[in-house]
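# Topology and contacts: notes
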Amino acid sequence: MGPADSLILDAKQAILDEQHRKFQVLQKEGRWTEAMQQFHVTLNCASDVLAESIQLLERVLDARNRRGPSLPNSPDFPQS
């Protein structure tokens, strides 16, 4: 995982946090119609964060698999 990956994931998480905060404010104020609209925005942001996380994990696993098996006594080598 490189710095750009981390930055993108952090930015998407910050957007999700802000959208969730907006939802909570609307819910607390009893503005239910707006809160439900905001809930859908929040869910879309959560879906985006999850999708980005999955893509990042897949890239990390692909890179790890291309490196080949780990050497004995390395942290990645399974111990029996």
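Residues numbered from 1 in each chain as written. Predicted model: local features only at pLDDT ≥ 70, side-chain atom pairs only at ≥ 80, totals over all residues. Heavy atoms only, no water.

## Some words on helix α1 (residues 3–28)
Definition in use: Each helix is a run of DSSP H or I of at least 4 residues and each strand a run of E of at least 2, with the numbering of both proceeding from the N terminus. One fewer than the residue count of a helix, multiplied by 1.5 Å, yields its expected span. Here the term buried applies to any residue with accessible area under 20% of the maximum for its type, exposed to any over 50%, and partly exposed to those in between, with areas from a 1.4 Å probe on protein chains only. It only takes one pair of heavy atoms within 4.5 Å for two residues to be counted as in contact.
End to end, α1 covers 37 Å across 26 residues, agreeing with the expected 38 Å (1.5 Å per residue, within 8%). Within α1 the residues assigned to the buried category are Leu9, Lys12, Leu16, Gln19, Phe23 and Leu26. The secondary structure elements touched by the buried residues of α1 are α2 (32–67). Positive backbone phi, approximately 75 degrees, marks Gly30, located one or two places after α1.

## A word on the packing of α1 against α2
Note the following rule: For helices, the fitted axis covers only the stretch in contact; all axes are lines through C-alpha atoms, and the angles between them, taken along N-to-C directions, range from 0 to 180 degrees. Any angle from 65 to 115 degrees is called roughly perpendicular, while one under 35 is roughly parallel, one over 145 is roughly antiparallel, and all others are oblique. Crossings are sorted by hand: turned counterclockwise from the far helix by less than a right angle, the near helix makes the crossing left-handed, and turned clockwise it makes it right-handed. Asp, Glu, Lys and Arg are counted as charged, while Ala, Val, Leu, Ile, Met, Phe, Trp, Tyr, Cys and Pro are counted as nonpolar; the rest, among them Gly, fall into the polar class.
Running from N to C, α1 and α2 cross one another at 160 degrees; their axes reach a closest spacing of 8 Å. Between α1 and α2, the crossing angle belongs to the class labelled roughly antiparallel. Note that α1 runs across α2; the crossing there is left-handed. Residues belonging to the contact of α1 with α2 are distributed by class as follows: 14 nonpolar, 7 polar and 7 charged.

## Overview of the pattern of salt bridges
Our working definition: The working definition used for a salt bridge is a side-chain nitrogen of Lys or Arg within 4 Å of a carboxyl oxygen of Asp or Glu.
Taken as a whole and judged by the stated rule, the model has 6 salt bridges. For Glu18, the salt bridge goes to Arg21, with nearest N and O atoms at 2.7 Å. Of the two residues, Glu18 and Arg21 both sit in helix α1, 3 residues apart, roughly one turn of that helix. Since its relative accessible area comes to 41%, Arg21 is described here as partly exposed. In this structure, the salt-bridge partner of Arg31 is Glu29, at a minimum N-O distance of 2.7 Å. Of the residues examined, Arg31 reaches a relative accessible area of 34% and is grouped as partly exposed. On the basis of relative accessibility, which here comes to 47%, the residue Glu29 falls in the partly exposed class.

## Thoughts on the nonpolar core
In plain terms, the rule: In this text, buried Ala, Val, Leu, Ile, Met, Phe, Trp, Tyr and Cys residues form a nonpolar core when linked through side-chain atoms within 4.5 Å.
The biggest cluster of nonpolar side chains holds 5 residues, and these are Leu9, Leu16, Cys45, Val49 and Leu56. Elements supplying a minimum of two residues to this core: α1 and α2. The element best represented in this core is α2, accounting for 3 residues. If near-sequence neighbours (up to four positions away) are discounted, Val49 is found in contact with Leu9, Lys12, Gln13 and Leu16.

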